[in-house]
Amino acid sequence: MIDISSGQYGYSKLVGECDRLMQAFPFLRGYVIGHSVLGRPIVALKCGEGSRRIHMNASFHANEWITTPLLMRFVEEWAQACSQDGQLFGEQACQLYRETEVWIVPMVNPDGVQLALEGIKPEHPYRQQLIQWNNGSEQFDQWKANIRGVDLNDQFPAHWEEERLRRGMEGPGPRDFPGPFPLSEPEAQALARLTQTIPFDSVLALHTQGEEIYWNYREYEPEQAEVLADRLGKASGYKPVKLSGSDAGYKDWFIQRFRRPGFTVEAGFGVNPLPVEKFEDIYAKVGPLLKEFLVLHR
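Below is a short write-up of the structure. (Residues numbered from 1 in each chain as written. Predicted model: local features only at pLDDT ≥ 70, side-chain atom pairs only at ≥ 80, totals over all residues. Heavy atoms only, no water.)

1. Here we look at the overall build of the protein
How we decide: The helix count covers DSSP runs of H or I at least four residues long, the strand count covers runs of E at least two residues long, and both are numbered beginning at the N terminus. Partly exposed describes any residue whose relative accessible area lies between the buried limit of under 20% and the exposed limit of over 50%, with all areas from a 1.4 Å probe on protein chains only and scaled to the type maximum. Residues count as neighbours in contact if any of their non-hydrogen atoms are within 4.5 Å of one another. Counted as positive: Lys and Arg. Counted as negative: Asp and Glu, with His and the chain ends omitted from the count. Just so you know, the charge point we use is NZ for Lys, CZ for Arg, CG for Asp and CD for Glu.
Across its full length, the protein carries 10 helices and 10 strands. Along the three orthogonal principal directions, the C-alpha set of the protein runs to about 55 × 40 × 35 Å. Relative to its 298 residues, the protein shows a buried fraction of 59%. Relative to all contacts within the protein whose residues are 6 or more apart in sequence, the contacts with residues 24 or more apart total 79%. Side-chain charges in the protein split into 31 positive and 40 negative, and the spacing between the mean points of these groups amounts to 3 Å.

Dropping the structure here:
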């Protein structure tokens, strides 16, 4: 079972777990949807064969890497329940599989996650630039951006220029630099390409922290979005929040572009990076929320 008792869950761990799950559950398929700046394959897992198509992702932000094992735990529990004709948080797992096609991108920002977890090594190709962008520090546990110092969740063409002015960041850094232009980064391009290729009914981006659910975007969201967010809130105890003053995020772009429901879920509560000791407590709320997301459009 997926756990982070070792204290870390980096890219190599993710790849190993994906291989393990696909061997154990042949109905779980893996795909490469793109590559990071440093050439790491960005992995997507597909589970289900239904007519409802939905997408979930994690680790947009490097220091929010705990979201990756949260999502992977959910995938494993669903696959395990399917193989045993069992239940997933009160729902028949095989019925969910027949009804829903779920595309999961568990680590959008693999280079950034590795930097946040392992720090900067002498041979790193961006070493000098990264230290400079990090205000001279070699401590990277608070790093949110990708390896080029771009915040991947400020990269999408949804009032991007306004977000750039609001952030006021003129160049790369640990956080809040939207990049030189929308979709400048290969990680954001990969996710946008997947989303434009597959007609998702809804999407969910898993972040930390705050125990909140953001469901709206500049009145572009569909009529039922708030009701759906309330259902996710009831399943988890998280608070649905109507957000303003934020642009260029993945769910913002999805809502504006496709006029379908999109959600950002801020998992857990505390200071990022959230401590691994809280993993089970966080999953106790996130697991039921993700299950509810699978049945939102039933």
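2. Here's the deal with the nonpolar core
To keep it simple, the criterion reads: Each nonpolar core is a collection of buried residues, namely Ala, Val, Leu, Ile, Met, Phe, Trp, Tyr and Cys, held together in the definition by side-chain atoms within 4.5 Å.
Core analysis: the largest hydrophobic core is formed by 59 residues, its most contacted members being Met56, Trp78, Leu204 and Phe263. Per-element tally for this core: the top contributor is helix 2 (residues 67-83), with 9 residues. Leu152, Ala190, Leu191 and Tyr217 belong to the second-largest nonpolar core, a separate cluster that totals 23 residues.

3. Focus on the pairing of strand 2 (residues 41-47)
Cut-off, in case you're wondering: Whether two strands pair comes down to DSSP finding at least two bridges between them.
Within strand 2, 6 of the 7 residues are buried, which leaves the element mostly enclosed by the surrounding structure. When strand 1 (residues 29-35) meets strand 2, the two strands line up antiparallel, connected through 6 bridges. By the bridge assignment, Val32 is partnered in strand 2 with Val43. Linking strand 1 to strand 2, which pair antiparallel, is a turn of 5 residues; within it Gly39 sits at a positive phi near 90°.

4. What about the state of the cysteines?
Two cysteines form a disulfide when their sulfur atoms are joined by a covalent bond. Where we set the bar: Two cysteine sulfur atoms form a disulfide, by the criterion used here, when they sit within 2.5 Å.
In this structure the tally under the stated criterion is 0 disulfides. The closest cysteine sulfur to the non-disulfide-bonded Cys18 is located on Cys47, 12 Å from its own sulfur. Note on Cys18: relative accessible area 3%, which makes it buried. Looking at the unpaired Cys47, the closest cysteine sulfur is the one in Cys82, lying at 5.4 Å. Residue classification places Cys47 among the buried positions, given a relative accessible area of 0%.

5. Re the pattern of salt bridges
To be explicit about the condition: The working definition used for a salt bridge is a side-chain nitrogen of Lys or Arg within 4 Å of a carboxyl oxygen of Asp or Glu.
Across all of its chains, the model carries 27 salt bridges by this definition. Note that Glu185 and Arg148 form a salt bridge whose closest N and O atoms lie 2.9 Å from each other. Taken as a pair, Glu185 in the loop between helix 6 (160-167) and helix 7 (186-197) and Arg148 in the loop between helix 5 (127-133) and helix 6 lie far apart in primary sequence, 37 residues in all. Arg148 gets classed as partly exposed once you look at its relative accessible area, which sits at 28%. Of the charged contacts in the structure, one is a salt bridge between Lys242 and Glu219, with a shortest N-O distance of 3.4 Å. Of this pair, Lys242 sits in the loop between strand 9 (239-241) and helix 9 (250-258) while Glu219 sits in the loop between strand 8 (212-214) and helix 8 (225-236), placing them 23 residues apart in sequence. The same class applies to Lys242 and to Glu219, which are both exposed. Among the charged side chains, a salt-bridge network with shared partners connects Asp154, Glu162, Glu163, Arg166, Arg167, Arg175, Asp176, Arg218 and Asp247.

6. Re the packing of aromatic side chains
By convention here, two paired aromatic rings are described through the distance between centres and the angle between planes. To keep it simple, the criterion reads: Pairing of aromatic rings covers Phe, Tyr and Trp, the last through its six-membered ring, and needs centres within 6.5 Å; plane angles under 30 degrees mean stacked, over 60 mean edge-to-face, and all others mean tilted.
Taken as a whole, this structure holds 14 aromatic pairs when the rule is applied. Note on Phe60 and Phe156: the rings are 6.1 Å apart at their centroids and 75° apart in plane angle, and the pair reads as edge-to-face. Of this pair, Phe60 sits in the loop between strand 3 (52-58) and helix 2 while Phe156 sits in the loop between helix 5 and helix 6; the two residues are 96 residues apart in sequence, bridging distant segments of the chain. Comparing Phe60 with Phe156, the two get one shared label, buried. Seen in terms of ring centroids, Phe60 and Tyr250 are 6.0 Å apart; in terms of plane orientation they differ by 35°. Their pairing is tilted. Here Tyr250 lies in helix 9 and Phe60 lies in the loop between strand 3 and helix 2, a separation of 190 residues in the sequence. On the accessibility criterion, Phe60 (1% relative accessible area) is buried. Here the aromatic cluster, defined as three or more aromatic residues joined through ring pairs, consists of Phe60, Phe156, Tyr250, Trp253, Phe254 and Phe258.

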